[in-house]
Amino acid sequence: NKIPTWRDESRSNDKEEGEHMPTGEGLSDKVSLYKGDITVLEVDAIVNAANSSLLGGGGVDGCIHKAAGPCLYDECHSLNGCDTGKAKITCGYDLPAKYVIHTVGPVARGHAGPTEISDLTSCYQNCLRLMKEHRLSTVAFPCISTGIYGFPNEPAAEIALKTVKSWIEENPDTITRVIFCVFLETDFAIYKKKMSAIFQDN
Ligand code: ADP
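Along every chain, residues carry numbers that run from 1 in the direction the sequence is written. For this predicted model, a pLDDT threshold of at least 70 governs which residues receive local features, and a threshold of 80 or more governs which side-chain atom pairs are given and counted, while totals over whole chains, interfaces and linings are taken from all residues. Each side-chain value is worked out from all heavy atoms of the structure, with water and hydrogens disregarded.

Naming follows an unreviewed UniProt entry, where the protein chain appears as Macro domain-containing protein of Monopterus albus. UniProt positions are given in the numbering used here, feature names are shortened, and annotations may be inferred rather than shown by experiment. What UniProt records for the protein chain under Catalytic activity (unreviewed entry) is the sentence "alpha-NAD(+) + H2O = ADP-D-ribose + nicotinamide + H(+)". In its Sequence similarities (unreviewed entry) section, the UniProt record describing the protein chain reads: "Belongs to the MacroD-type family. MacroD1/2-like subfamily."

Enquirer: Can you lay out the pairing of strand 2 (residues 31-35) for me, pointing to particular residues and giving the numbers?
Expert: Partly exposed describes any residue whose relative accessible area lies between the buried limit of under 20% and the exposed limit of over 50%, with all areas from a 1.4 Å probe on protein chains only and scaled to the type maximum. Only DSSP runs of H or I covering at least 4 residues are called helices, and only runs of E covering at least 2 are called strands; the numbering of each starts at the N terminus. The element strand 2 is largely enclosed, with a buried count of 5 among its 5 residues. A two-sided burial pattern is seen for strand 2, the buried positions comprising Val-31, Leu-33 and Lys-35 on one face and Ser-32 and Tyr-34 on the other. We call two strands paired when DSSP finds no fewer than two bridges between them. In this structure, strand 2 lies alongside strand 7 (residues 177-182), joined through 5 bridges in parallel fashion. Residue pairing in the sheet places Ser-32 in a bridge with Ile-179 of strand 7.

Enquirer: I'd like a rundown of the side chain of His-65, residues and numbers included.
Expert: Along the polypeptide, His-65 turns up in helix 2 (residues 59-68). Any two residues whose heavy atoms approach within 4.5 Å are treated as being in contact. Every residue in contact with His-65, bar those within four places of it in the chain, is listed here: Asn-48, Leu-54, Gly-56, Leu-72, Tyr-73 and Cys-76.

Enquirer: So what about the site of the ligand? Which residues, and what values?
Expert: The ligand sits among 17 residues. The nearest are Asp-37, Val-60, Ser-145, Gly-147 and Ile-148. Any N or O atom pair separated by 3.5 Å or less is treated as a polar contact, with the protein-specific requirement of one donor-capable and one acceptor-capable atom, and with residues adjacent in sequence counted only for side-chain atom pairs. Taking Val-60, its main chain carries an N or O atom lying 2.8 Å from an oxygen atom of the ligand. A distance of 2.9 Å is found between an oxygen atom of the ligand and a backbone nitrogen or oxygen belonging to Ser-145. Protein chains bury 93% of the 560 Å² of accessible surface belonging to the ligand in isolation. Counting residues per element, the shell around the ligand draws most heavily on helix 2, which supplies 3 residues. Residues are sorted three ways: Asp, Glu, Lys and Arg are charged, Ala, Val, Leu, Ile, Met, Phe, Trp, Tyr, Cys and Pro are nonpolar, and all the rest, Gly among them, are polar. Tallied by class, residues from the shell around the ligand come to 10 nonpolar, 5 polar and 2 charged. Residues are counted as near a molecule or strand when any one of their heavy atoms sits within 4 Å of it. For the area figures, the Shrake-Rupley method with a 1.4 Å probe applies, and any residue is considered shielded solely by the protein chains shown.

Enquirer: How would you sum up the packing of helix 4 (residues 114-133) against helix 5 (residues 153-170)? Please name residues and give values.
Expert: A fitted line through C-alpha atoms serves as each axis, taken over the contacting stretch for helices, and the angle formed by two N-to-C directions is quoted from 0 to 180°. Two elements in contact, helix 4 and helix 5, have axes separated by 9 Å at closest approach and are oriented at 35°. Here the hand of the crossing between helix 4 and helix 5 comes out right-handed. Between helix 4, through Ile-117, Leu-120, Thr-121, Tyr-124, Gln-125, Leu-128, Arg-129 and Lys-132, and helix 5, the contact on the second element is made entirely by Ala-156, Ile-159, Ala-160, Thr-163, Val-164 and Trp-167. Considered class by class, the residues forming the contact of helix 4 with helix 5 number 9 nonpolar, 3 polar and 2 charged. Crossings are assigned a handedness: left-handed for a near helix turned anticlockwise from the far helix by less than a right angle, right-handed for a clockwise turn.

Right, dumping it as structure tokens:
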């Protein structure tokens, strides 16, 4: 039987859609696509698309700080910021998620060059590395860098999916569930299409 990965309440909200890939013993059994607010997900860790100060901002970062409460700001304040492509972990405080992994995506302004691609890949890898170090098994990622930071949606989704796939293949015993939490219909459509191609079991 599957461990529930998000609250039943959120599933009853019409605006939010969840999608499991076909079940089986393969890779596809470890990934889900979820459309809605990342702050309601009951997972070991949600990932925050933070800025380098780690002191909060707009977009998903603002939502996470609002839902987690002021203690998150206090812990972030003690962390001395975070470089692009790196990640730092805090408690989840008032969130249903136990931890928040803050990562700083590249500022792409509509252009995904080699540096931006490499930095965005590092974000996903460093979050997954922290999951492993802290022995956490369920995680939800937002579409890092694709909002205010302007990373084009299609290549960002491709990087997210392929980086997670490689990690799961190389570290099969660490992570039991990765939820790709999209917020926009455009990302939902992109992920839906790419997930079935990339996570197809042979
Ligand atoms: P960045 O600065 O890294 O671009 P943003 O927060 O601006 O980060 O956007 C990243 C993605 O997070 C966008 O797809 C945005 O629509 C989405 N987003 C915004 N609020 C939420 C939320 N509450 N839950 C999940 N995703 C969200």
